[in-house]
Amino acid sequence: MPRKVAALLAGVALLVSGCASGPSLEERGEVTAPPGDSKHLVIGSAGFTESDLLANMYALLLKQAGYGTELLSVGNRELYEPALESGQIDVVPEYAATFADWLNAKKNGADAEPVGSPDLDATMKSLRALAAPRGLDVLDAGKAVDQNAFAVTEAYARKHRLKTLSDLGESGLKVRLAAGDECVQRPYCQPGLEKVYGIDVTGIDPKGVGTTQAKNAVKNGQDQMVLTTTTDATIGEFGLVLLDDDKKLQNADYLVPVVNRSQAGNAKVAKALGALNSVLTTEDLASMNQQVDSWRRLPEDVARTYLEDKGLLRDNG
């Protein structure tokens with residue numbers, strides 16, 4: 001086992017067993033380390049398909065730029081973010097608005113006013129201000145975004161002439177929504193659909209976000225709409241189509257690389273990872289997710305093929 005990964009796994013064990021015993025960042029002062037350039041970088045993944053794909057693309061691009069790379073699946077933000085701060089992980093793929101709100105809650109408490117918003121520039125400004133004192137640099141966002149999205153059957157959309165969520169609100173149709181049970185309270189789910197779009201949500205069918213069970217419930221007519229994500233490439237298999245979030249209810253969850261400044265806060269890393277920004281789209285990411293989840297291809301193979309097809313890897317990386 002590589003030394004740095006072994007150290008990280010030991011660190012994760014400490015985080016799990018004693019995360020409440022050490023001093024918080026707020027108690028020990030801000031991190032002020034200058035940008036560093038470690039020659040060996042650990043790329044973290046949150047352990048789900050999309051995160052695995054992004055981590056593999058990051059690793060391939062960084063390897064081509066001359067870095068030794070290792071991949072590590074950590075599982076959740078509560079574990080990998082402290083490891084990123086400590087330099088046990090050097091790079092992770094993140095989501096701008098979600099990560100901004102997570103860091104804000106970590107600093108200011110769970111009831112802190114959210115700082116993520118549909119405005120990418122404002123979200124990035126808040127995110128960078130929260131990340132910098134923790135020794136983290138947030139690199140530029142690209143075009144790909146993974147946001148909440150809402151889908152109905154093609155037949156339902158055609159019958160009622162629906163293309164946008166505004167169309168659904170104006171239709172006056174009553175909608176039972178297949179989603180997670182937290183949708184009842186989250187401002188970007190049922191409350192937002194009702195307040196921003198005037199959609200008559202009669203109830204939440206708690207089948208999860210974008211699950212097969214939830215999509216089947218809409219396909220079979222048990223529910224009228226399902227909460228999924230913009231990178232869900234399987235909705236067509238269920239005869240579903242997304243309704244456009246035309247009033248920008250959802251936050252700017254654009255994909256952003258986050259790096260430990262003291263290990264990977266240099267221009268070379270930013271340039272290598274920034275190569276994705278001009279090519280990677282939401283549709284591309286959805287297609288890659290489908291190749292892994294439906295076609296059972298390995299994330300590393302899908303990532304490599306994509307980068308080669310886009311001309312971002314030379315001589316097979």
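This is a predicted model, so every value here is computed, not measured. Residue numbering note: each chain is counted from 1, following its sequence as written. Given that the model is predicted, a residue must reach a pLDDT of at least 70 before its local features are reported, and side-chain atom pairs must reach 80 or more before they are shown or counted; all residues, however, enter totals for whole chains, interfaces and linings. Water and hydrogen atoms were dropped before computing side-chain values, which therefore reflect all heavy atoms in the structure.

S.K.: I'm lost on the packing of helix H5 (residues 96–108) against helix H6 (residues 120–131) in this one. Help?
M.R.: Helix packing for two helices is described by the angle between their axes and how far apart those axes are. Axis separation between H5 and H6 bottoms out at 9 Å; the angle between their running directions is 40°. Classified by the interaxial angle, the pair formed by H5 and H6 is oblique. Where H5 crosses over H6, the two elements pack in a sense that is left-handed. Residue-level contacts link Ala96, Ala97, Phe99, Ala100, Leu103, Asn104 and Lys107 of H5 to Leu120, Thr123, Met124, Leu127, Leu130 and Ala131 of H6. Think of it as three bins: nonpolar holds Ala, Val, Leu, Ile, Met, Phe, Trp, Tyr, Cys and Pro, charged holds Asp, Glu, Lys and Arg, and polar takes everything else, Gly as well. The residue makeup of the contact of H5 with H6, split by class, is 10 nonpolar, 2 polar and 1 charged. Throughout, an axis means a line fitted to C-alpha atoms (over the contacting stretch in the case of helices), and angles, computed between N-to-C directions, take values from 0 to 180 degrees. Secondary structure is summarised from DSSP: a helix means a run of H or I of at least four residues, a strand means a run of E of at least two, and numbering begins at the N terminus for each. What sets the label is the angle itself: under 35 degrees gives roughly parallel, over 145 gives roughly antiparallel, 65 to 115 gives roughly perpendicular, and the rest give oblique. Helix crossings fall into two classes, left-handed where the near helix is turned counterclockwise from the far one by less than a right angle and right-handed where it is turned clockwise. Contacts were defined at the residue level, with two residues in contact if any of their heavy atoms lie within 4.5 Å.

S.K.: Hey, could you run me through the pattern of salt bridges in this one?
M.R.: For side chains bearing opposite charge, pairing can occur when the charged atoms are close. We define a salt bridge as a side-chain nitrogen of Lys or Arg found within 4 Å of a carboxyl oxygen belonging to Asp or Glu. Applying the stated rule across the entire model yields 12 salt bridges. Residue arginine 77 pairs with glutamate 94 through a salt bridge whose shortest N-O separation is 2.7 Å. Linking arginine 77 in helix H4 (residues 77–86) with glutamate 94 in strand E3 (residues 91–95), this pair joins segments that are 17 residues apart in sequence. Arginine 77 gets classed as buried once you look at its relative accessible area, which sits at 17%. Residue glutamate 94 is classed as buried on the basis of its relative accessible area of 0%. The partner of arginine 134 in a salt bridge is glutamate 85, and the shortest N-O contact between them spans 3.1 Å. You can see arginine 134 sitting in the loop between H6 and strand E4 (136–138) and its partner glutamate 85 sitting in helix H4, a full 49 residues away along the chain. No difference in accessibility class separates arginine 134 from glutamate 85, as the two residues are buried. Here the term buried applies to any residue with accessible area under 20% of the maximum for its type, exposed to any over 50%, and partly exposed to those in between, with areas from a 1.4 Å probe on protein chains only.

S.K.: Help me out: how do you make sense of the sheet that holds strand E9 (residues 240–243) in this one?
M.R.: Note on sheets: strands pair through backbone hydrogen bonds, and any given pair is parallel or antiparallel. On the basis of which strands lie adjacent, the open sheet formed by 5 strands has the order E7-E6-E8-E5-E9 and mixed pairing. The open sheet terminates on both sides in strands that have one partner only, identified here as strand E7 (200–206) and E9. The mean angle between the axes of side-by-side strands here comes to 40°, regardless of whether they run parallel or antiparallel. One requirement defines pairing of two strands: DSSP has to find at least two bridges between them. Taken together, the 2 bridges between strand E6 (residues 174–179) and strand E8 (residues 225–229) define a ladder with parallel strand orientation. Across the sheet, residue alanine 178 finds its bridge partner in E8, namely valine 226. In the packing of helix H9 (residues 190–197) onto the sheet, the strands contacted are strand E5 (148–153), E6, E7 and E8, and the crossing angle to E7 comes to about 165°.

S.K.: Is there a simple way to think about the environment of glutamine 147 in this case?
M.R.: Among the structural elements, glutamine 147 can be located in the loop between E4 and E5. Overall, the relative accessible area of 18% leaves glutamine 147 in the buried class. Taking C-alpha positions, glutamine 147 is 8.5 Å from threonine 228, a pair spaced 81 residues apart along the chain. Setting aside chain neighbours within four positions, we find glutamine 147 in contact with Thr228, Thr229, Thr230, Gln250, Asn251, Ala252 and Asp253.

S.K.: What is the right way to look at the nonpolar core in this model?
M.R.: Among soluble globular proteins, nonpolar side chains are generally buried collectively. Formed by 34 residues in total, the largest nonpolar core has its most connected members in Met57, Leu62, Leu276, Leu280 and Leu307. Elements represented by at least two residues in this core include exactly strand E1 (40–45), helix H3 (49–64), E3, strand E10 (255–260), helix H12 (267–274), helix H13 (282–293) and helix H14 (299–309). Not counting chain neighbours up to four residues away, the residues in contact with leucine 280 comprise Leu54, Met57, Lys143, Ala144, Leu255, Leu285, Met288 and Tyr306. Core analysis: the next-biggest nonpolar cluster, separate from the first, contains 23 residues, Ala83, Trp102, Leu103 and Met124 among them. Take the buried residues of types Ala, Val, Leu, Ile, Met, Phe, Trp, Tyr and Cys, join any two whose side-chain atoms come within 4.5 Å, and each joined set is a nonpolar core.

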